[in-house]
Amino acid sequence: MYFQHVYDKTLAQASYFIGCQAKNEAIVIDAQRDIDVYLDIAKRNNMKITHITETHIHADFLCGSRELATVTGAKMYLSNEGPAEWQYEFDHEVLQHGDKITVGNLTLEVLHTPGHTPESISFLLTDHPATDQPVMVFTGDFVFVGDVGRPDLLEKAAGIVGTQEKGAKQMFDSIQRFSKLPEFVQVWPGHGAGSACGKALGSVPSSTIGYEKIRNWAFKLATDEKAFVDYLLDGQPEPPKYFATMKHLNKVDRPLLVEVPKHAKLTKEQFLKAYKDGLKVIDTRDKVDFAKGFLPGSINIQGNNSFSTWAGWFLNYQEQFILVANQSQMDDLTRKLMRIGLDNIYGFVEDIADLGLDLQTADVIDIEEFKVLAEKDEVQVVDVRNTTEFNAGHVKGADHVFVGTIENNLDKISKDKQVVIHCQSGDRAAIAYSLLRKNGFNQIKNYSGGMKEWKEKGNTVVTNK
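Conventions adopted
- Residues numbered from 1 in each chain as written.
- Predicted model: local features only at pLDDT ≥ 70, side-chain atom pairs only at ≥ 80, totals over all residues.
- Heavy atoms only, no water.
- Buried < 20%, exposed > 50% of the residue type's maximum accessible area, 1.4 Å probe, protein only.
- Helix = DSSP H or I, 4+ residues; strand = E, 2+ residues; numbered from the N terminus.
- Patch = residues over 30% accessible without salt bridge, like charges linked within 9 Å, V, L, I, M, F, W, Y side chains within 5 Å.
- Areas by Shrake-Rupley, 256 points an atom, 1.4 Å probe, with all protein chains shown as cover.
- Salt bridge = Lys/Arg side-chain N within 4 Å of Asp/Glu carboxyl O.
- Pairing = 2+ DSSP bridges.
- Axes fitted to C-alpha atoms, helices over the stretch in contact; angles between N-to-C directions.
- Contact = heavy atoms within 4.5 Å.
- 1 Å grid on protein atoms, 1.4 Å probe; cavity = no way out; pocket = protein on both sides within 12 Å on 5 of 7 lines; lining within 4 Å.
- Points joined across faces, edges and corners; volume = space filled by probe spheres on them.
- Nonpolar A, V, L, I, M, F, W, Y, C, P; charged D, E, K, R; others polar.
- Parallel < 35°, antiparallel > 145°, perpendicular 65-115°, else oblique.
- Left-handed = near helix turned anticlockwise from the far one by under 90°.
- Phe/Tyr/Trp six-rings, centres within 6.5 Å; stacked < 30°, edge-to-face > 60°.
- Lys NZ or Arg CZ within 6 Å of the ring centre and 35° of its normal.
- Core = buried A, V, L, I, M, F, W, Y, C linked by side-chain atoms within 4.5 Å.

Undergrad: Go over unusual backbone geometry with me, naming the residues and quoting the values.
TA: Although it is not a glycine, Asn24 adopts a positive phi angle of roughly 60°. Residue class for Asn24 comes out partly exposed when judged on its relative accessible area of 29%. Phi at Asn46 takes a positive value of approximately 55°, unusual for a residue other than glycine. Residue position: Asn46 is located in the loop between helix H1 (36-44) and strand E4 (48-53). The class of Asn46 is exposed, set by a relative accessible area of 59%.

Pasting the structure below:
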């Protein structure tokens, strides 16, 4: 058996390339959309991708199964479990509980494991030349290391009311069945720490069923359905705005993108026309460089591992946009965006100082100035972290407006007072600062040190119980 764990750090998303070296056949599970990684693995190992499958209809990334099938000619095997309204709407081979996929001398048995979604399945792998016992299980968003998949996304992201409690109860039942598998079976999940598909995912890439039974909270509460459901639904992070679009695009026919596109470096004239026409400008530079000088109206989303997640909050799927980035970054940034279907890059510019526009600067303050301002009645302190973080501890008197929804809550921020924003360590505050300036807020200061520095210096925090 050949096995490779392919991990996208930007979305904390795992996919799997599994092959039979005797037969030179391979299957890919939960492919990312830039499929050249799997083609390269197959070529290097003299294998042919003959099977493609998914654990469920994903909400957090645009799955590349159809791109991979188009290029390789492999068949897609997808879940036929769950209600009719959540079935895949394009050609595929259907899978139900108990079905088996044969890849050379390997078999993958389908386990229906609803909870995260109704159609969710896992794959129990047996490597027959070695043993008749199962050796691995690929759980998708069902069981993670230290956590289980959240059941509230259909309701919160896709708008299907009344599904989260039903999903939590299905998850409880799925855990009962799952715990009966041999404890030596390795667990390979669909996500790691940093994914919004759970609330306490571990950073270790894999585990075993036995280990999860002694350390995963879900197995510890597996005898008390009410306690399990209550804990599972409590404190889940806000699902990114783009999740609803992913859920739709992963289910229906859509345009395919089988290669990573190349984008044009815009001339000064091209940029100025597009800028005047209102195209959004996403400045991917470091927050410190952005603060020193930025284009009016541009949004600072740093090109780091969180780039695609935040881009998904603030860009829609109909509009074109421009990136401020170095040419050497464009392949990486394009891949990050195409993994969530943001393909409408009009072009990019490298040096904003050459565009002939007056640049703005950000007012970034240190902790001493923040302490003085935070005590004043005429100053509004705005914490832009998520709800769970805010409730766990915040500066006394601070208002809470989550950065992801800040443009929908501008009425909660004063244009008459001096406003000071902060997050945990500065990245989200930089996004929020650029969005507020874009929307006409000019009395804004950014305490970039945030709650990390505030607590490290021993300052008081207030909690919401």
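Back to the write-up after that little detour.
Undergrad: Explain a nonpolar patch on the surface to me, and be specific about the residues and the numbers.
TA: Nonpolar side chains collect at one region of the surface, where Val71, Leu256 and Val258 lie side by side and expose about 210 Å² of accessible area between them. The residue Val258 is located in the loop between helix H8 (243-249) and helix H9 (268-276) in this model.

Undergrad: Lay out the sheet that holds E4 in plain terms, naming residues and giving numbers.
TA: Ordered in space as E1-E2-E3-E4-E5-E6, the six strands form an open sheet in which the pairing is mixed. Both outer strands of the open sheet, strand E1 (2-8) and strand E6 (93-95), are each paired with one neighbouring strand and no more. Ignoring strand direction, the axes of neighbouring strands in this sheet form an average angle of 25°. Relative to E4, strand E3 (residues 25-29) is paired through five bridges, and the arrangement is parallel. Looking across to E4, one finds that Glu25 is bridged to Lys48. In the packing of H1 onto the sheet, contacts are made with E1, strand E2 (13-20), E3 and E4, and the angle to E1 comes to roughly 155°.

Undergrad: Break down empty space enclosed by the protein for me, with residues and values.
TA: Scanning all chains against the criterion turns up two cavities of 30 Å³ or more. Within this model, the largest cavity holds a volume of roughly 40 Å³. Forming the boundary of the largest cavity are Pro261, His263, Thr334, Leu337, Met338, Leu342, Asp343 and Ile345. One number sums up the size of the second largest cavity: a volume of about 30 Å³. Residue lining of the second largest cavity: Glu54, Cys63, Ser65, Arg66, Phe90, Asn250 and Arg254, and that is the complete set. The residue inventory of the lining of the second largest cavity, partitioned by class, reads two nonpolar, two polar and three charged.

Undergrad: I'd like a description of the sheet that holds strand E16 (residues 299-300), backed by residues and values.
TA: Within the open sheet, the four strands sit side by side as E16-E15-E17-E18. Their pairing is parallel. Strand pairing shows two members of the sheet lacking a second neighbour, E16 and strand E18 (345-349), which therefore form its edges. Running at roughly 125° to E18, H9 makes contact with strand E15 (280-283), strand E17 (321-324) and E18 of the sheet.

Undergrad: Can you explain the packing of helix H4 (residues 164-178) against helix H7 (residues 225-233)? Please cite residues and give values.
TA: Where H4 meets H7, the closest approach of the two axes is 9 Å, and the angle between their N-to-C directions is 120°. What the angle tells us is that H4 and H7 run oblique. Helix-helix and strand crossings are classified by hand; for H4 and H7 the assignment is right-handed. Where H4 approaches H7, its residues Gln164, Glu165, Ala168, Lys169, Met171, Phe172 and Ile175 are matched on the opposing element by Glu225, Phe228, Val229, Leu232 and Leu233. Taken together, the residues of the contact of H4 with H7 sort by class into eight nonpolar, one polar and three charged.

Undergrad: Before we move on, can you summarise the packing of aromatic side chains with the specific residues and values?
TA: Using the criterion set out here, one finds 21 aromatic pairs in the structure. Judged by centre distance (4.8 Å) and plane angle (55°), the ring pair of Phe3 and Trp188 falls under tilted. Placement of the pair is Phe3 in strand E1 and Trp188 in strand E13 (residues 186-189), with a sequence separation of 185 residues. Relative accessible area serves as the criterion here: at 11%, Trp188 is assigned to the buried category. For the pair Tyr242 and Phe243, a centre-to-centre distance of 5.1 Å together with 85° between the ring planes defines the contact as edge-to-face. Residue Phe243 is classed as buried on the basis of its relative accessible area of 1%. Ring pairs connect the aromatic residues Phe3, Tyr16, Phe138 and Trp188, which therefore count as one cluster. Above the face of the Trp86 ring, Lys247 is positioned so that its terminal group lies 5.6 Å from the ring centre.

Undergrad: Got a sec to walk through the nonpolar core? Specific residues and values, please.
TA: The tendency in soluble globular proteins is for nonpolar side chains to be buried side by side. In terms of nonpolar packing, the biggest core is built from 53 residues, with Leu323 and Ile421 touching the most fellow members. At the level of elements, H8, helix H10 (287-292), helix H11 (307-314), E17, helix H12 (330-338), E18, strand E22 (418-422) and helix H15 (427-438) are the ones that each hand at least two residues to this core. Among the elements that take part in this core, H15 stands out by supplying six residues, more than any other. Filtering out sequence-adjacent residues up to four positions away, Ile421 remains in contact with Val382, Ala429, Ala432, Tyr433, Leu436, Ile444, Lys445, Asn446 and Tyr447. Val6, Tyr38, Ile41 and Leu154 belong to the second largest nonpolar core, which has 23 residues in total.

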